[in-house]
Amino acid sequence: MSSLLLPTLSRKREVDGIIRDTLDKVLVLRFGRCSDPTCLQLDDILSRSSREISKFATIALVDIDAEEIQVYVNYFDITLIPSTIFFFNAHHMKMDSGTADHTKWIGSFHSKQDFIDVVEAIFRGAMKGKLIVTSPLPPERIPRFQLLFKDL
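Residues take numbers from 1 onward in each chain, read along the sequence in its written order. Residue-level local features of this predicted model are given only where pLDDT is at least 70; pairs of side-chain atoms are given and counted only at 80 or more, and the full residue set underlies all totals for whole chains, interfaces and linings. Hydrogen atoms and water are omitted, and side-chain values are computed over all heavy atoms in the structure.

Trainee: Account for unusual backbone geometry, naming residues and giving values.
Mentor: Look at the link from Ile81 to Pro82: it is a cis peptide, with omega at -5°. For the purposes of this entry, the term helix denotes a DSSP run of H or I that reaches at least four residues, the term strand denotes a run of E that reaches at least two, and both are numbered from the N terminus. Within the fold, Pro82 resides in the loop between α3 (70-75) and β4 (83-88). Within the chain, Ala90 stands out as a residue other than glycine whose phi angle is a positive 70°. Summary of the burial criterion: residues with accessible area below 20% of their type's maximum are buried, those above 50% are exposed, and those between are partly exposed, where the area comes from a 1.4 Å probe applied to protein chains only. The exposure class assigned to Ala90 is partly exposed, which follows from its relative accessible area of 41%.

Trainee: Provide a residue-level description of the pattern of salt bridges, including the pertinent values.
Mentor: Pairing between side chains becomes possible if they bear opposite charge and their charged atoms approach one another. Salt-bridge detection follows one rule: a side-chain nitrogen of Lys or Arg within 4 Å of a carboxyl oxygen of Asp or Glu. Applying the stated criterion to the full structure yields seven salt bridges. In this structure, the salt-bridge partner of Asp21 is Arg20, at a minimum N-O distance of 3.3 Å. Residue classification places Arg20 among the exposed positions, given a relative accessible area of 53%. Salt-bridge contacts for Asp44 lead to Arg48; the nearest nitrogen and oxygen are separated by 3.1 Å. In this pair, Asp44 and Arg48 both sit in helix α2 (residues 37-49), four residues apart, roughly one turn of the helix. The class for Arg48 is partly exposed, based on a relative accessible area of 43%.

Trainee: Break down helix α4 (residues 112-127) for me, with residues and values.
Mentor: When the terminal C-alpha atoms of α4 are compared, their 23 Å separation across 16 residues agrees well with the 22 Å that a helix rising 1.5 Å per residue should span. For α4, the full list of buried residues reads Asp114, Phe115, Ile116, Val118, Val119, Ala121, Ile122, Gly125 and Ala126. Contacts are residue-level and defined by heavy atoms, with any inter-residue pair within 4.5 Å sufficient. Its buried side turned inward, α4 meets β2 (26-32), α2, β3 (57-63), β4, β5 (91-96) and β7 (132-134). Two residues or fewer after α4 comes Gly129, characterised by a positive phi angle close to 85°. Under the convention used throughout, the expected extent of a helix is 1.5 Å for every residue step, that is, one less than its residue count.

Trainee: Any chance you could break down the side chain of Asp114 for me, citing the residues and the numbers?
Mentor: Tracing the chain through its elements places Asp114 in helix α4. Taking the relative accessible area as the measure of exposure, Asp114 reaches 2% and is therefore buried. What Asp114 contacts, discounting residues up to four positions off in sequence, is Phe109, Leu137 and Arg141.

Trainee: Summarise the pairing of β4; cite the residues concerned and give the values.
Mentor: Judged by how many residues are buried, β4 sits mostly within the fold: six of six residues are covered. One requirement defines pairing of two strands: DSSP has to find at least two bridges between them. One ladder, built from six bridges, connects β2 with β4; its direction is antiparallel. Residue Val26 lies in a different strand from β4, and its bridge partner there is Phe88. Pairing of β4 with strand β6 (residues 105-106), which is carried by two bridges, proceeds in the antiparallel orientation.

Spelled out as structure tokens, the structure:
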């Protein structure tokens, strides 16, 4: 239900446009499905946080099943959902959270405050010209997944 409050993108042109046009704010793109329970949990956190972070961040949902979106799914190697990717002034922002993958946040956040803390850390790092920031969350609140890399 919360996902109805956030824009849902299902075309490559829409994703390209929001990445290009979001200036001086963190862009949060949640890749997933509206029918997945973990995505719905994350969508609830995102929608409840959207007002508080609206001065420095924009949130959009990306439908992973849309045909045109598959170019992004392949480019960012999205195999687990939900996957959340961050941008600032059209630059892909990475976060060192102690996991093997710094390019995206995999899974849901434990709380609304955890999400806000991560977005604030990315915004502050981006304002200093950094493209990778350290996660402000303690290790026990970071989802862990065993990542298998193909063709290595």
